[in-house]
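Fold and geometry: a report
The primary structure of each chain is shown beneath.
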Amino acid sequence: MTISVGSELPEVTLFRATSDGPEAVNSKEFFAGRKVVLFAVPGAFTPTCSAKHLPGFVAKADEIKAKGVDEIACLASNDAFVLQAWADAEKANDVTMLSDGDLAFVDATGLGLDLTGRGLGKRANRFAMIVEDGKVTDIAVEEPGAFEVSSAEAVLKKL
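Residues numbered from 1 in each chain as written. Predicted model: local features only at pLDDT ≥ 70, side-chain atom pairs only at ≥ 80, totals over all residues. Heavy atoms only, no water.

The name recorded for the protein chain in an unreviewed UniProt entry is Glutathione-dependent peroxiredoxin, from Thalassospira indica. Database annotation for the protein chain, UniProt heading Sequence similarities (unreviewed entry): "Belongs to the peroxiredoxin family. Prx5 subfamily." Per UniProt, the protein chain has the following entry under Function (unreviewed entry): "Thiol-specific peroxidase that catalyzes the reduction of hydrogen peroxide and organic hydroperoxides to water and alcohols, respectively. Plays a role in cell protection against oxidative stress by detoxifying peroxides." (UniProt positions renumbered as here; feature names shortened; annotations may be inferred.)

What follows is the structure in structure tokens.
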């Protein structure tokens with residue numbers, strides 16, 4: 001079953017890179033008591049993700065935060081080190097990179113994408129959600145291969 005508006009986010013462990021190595025991030029704690037825009041990409045350094053999805057949120061970060069958003073986070077199935085390298089390459093200082101390398105979040109929310117047979121394995125589907133105090137208040141999930149409803153511009157219209 002896919003997560004929907006009104007659902008509480010599952011409690012899983014995600015990871016982010018730090019100078020001391022990967023740091024575990026408890027999803028319940030991360031989303032508690034604040035408004036977060038979470039978007040997911042199938043993979044760091046992939047064409048649409050690098051050319052459009054992440055750069056859109058980098059460019060619109062100030063506008064999104066001006067609408068009362070406390071944090072913008074990007075989730076991908078890559079490891080925390082790859083996500084940090086991607087953030088550095090894209091100058092994504094205003095976006096928190098969250099690794100779901102074990103697919104715990106995407107499996108628990110039904111937001112996975114199986115690209116087995118295309119050399120990419122199982123990944124996060126492309127989506128964007130607005131989360132307030134751990135509860136989904138809006139979600140937009142792309143059809144495989146599409147990039148229409150999860151862009152920074154689309155999220156801004158919903159804030």
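For the rest of this paragraph, the subject is the overall build of the protein chain. A count of helices and strands for the protein chain gives six helices and nine strands. Taken over the C-alpha trace, the protein chain has a radius of gyration of 14 Å; the compact-globule value for 159 residues is 15 Å, and the two agree within 12%. Each of the three principal axes of the protein chain carries a C-alpha extent, and together these read 40 × 35 × 35 Å. Partitioning the intrachain contacts of the protein chain with sequence separation of at least 6 by distance along the chain shows that 62% fall at a separation of at least 24. Element-wise, carbon and sulfur atoms account for 47% of the exposed surface of the protein chain, whose accessible area totals about 7,500 Å². (Helix = DSSP H or I, 4+ residues; strand = E, 2+ residues; numbered from the N terminus. Rg over C-alpha atoms; globule rule 2.2 N^0.38 Å. Contact = heavy atoms within 4.5 Å. Areas by Shrake-Rupley, 256 points an atom, 1.4 Å probe, with all protein chains shown as cover.)

Turning our eyes to something else, we now look at the pattern of salt bridges. A complete count under the given rule lists five salt bridges for this structure. Residues E63 and K60 are paired through a salt bridge, measuring 3.5 Å at the closest nitrogen-oxygen approach. Using a relative accessible area of 41% as the deciding quantity, one classes E63 as partly exposed. K60 sits in the partly exposed class, given a relative accessible area of 22%. Among the salt bridges present, the one from D138 reaches K158, with a minimum N-O distance of 3.3 Å. With D138 in strand β9 (residues 135-141) and K158 in helix α6 (residues 152-158), this pair connects stretches of sequence that are 20 residues apart. (Salt bridge = Lys/Arg side-chain N within 4 Å of Asp/Glu carboxyl O. Buried < 20%, exposed > 50% of the residue type's maximum accessible area, 1.4 Å probe, protein only.)

On to the pairing of strand β1 (residues 13-18), then. Two strands pair when backbone bridges link them, and β1 and strand β2 (residues 21-26) are joined in this way by six bridges, in the antiparallel orientation. Bridge pairing in β2 places T18 opposite G21. (Pairing = 2+ DSSP bridges.)

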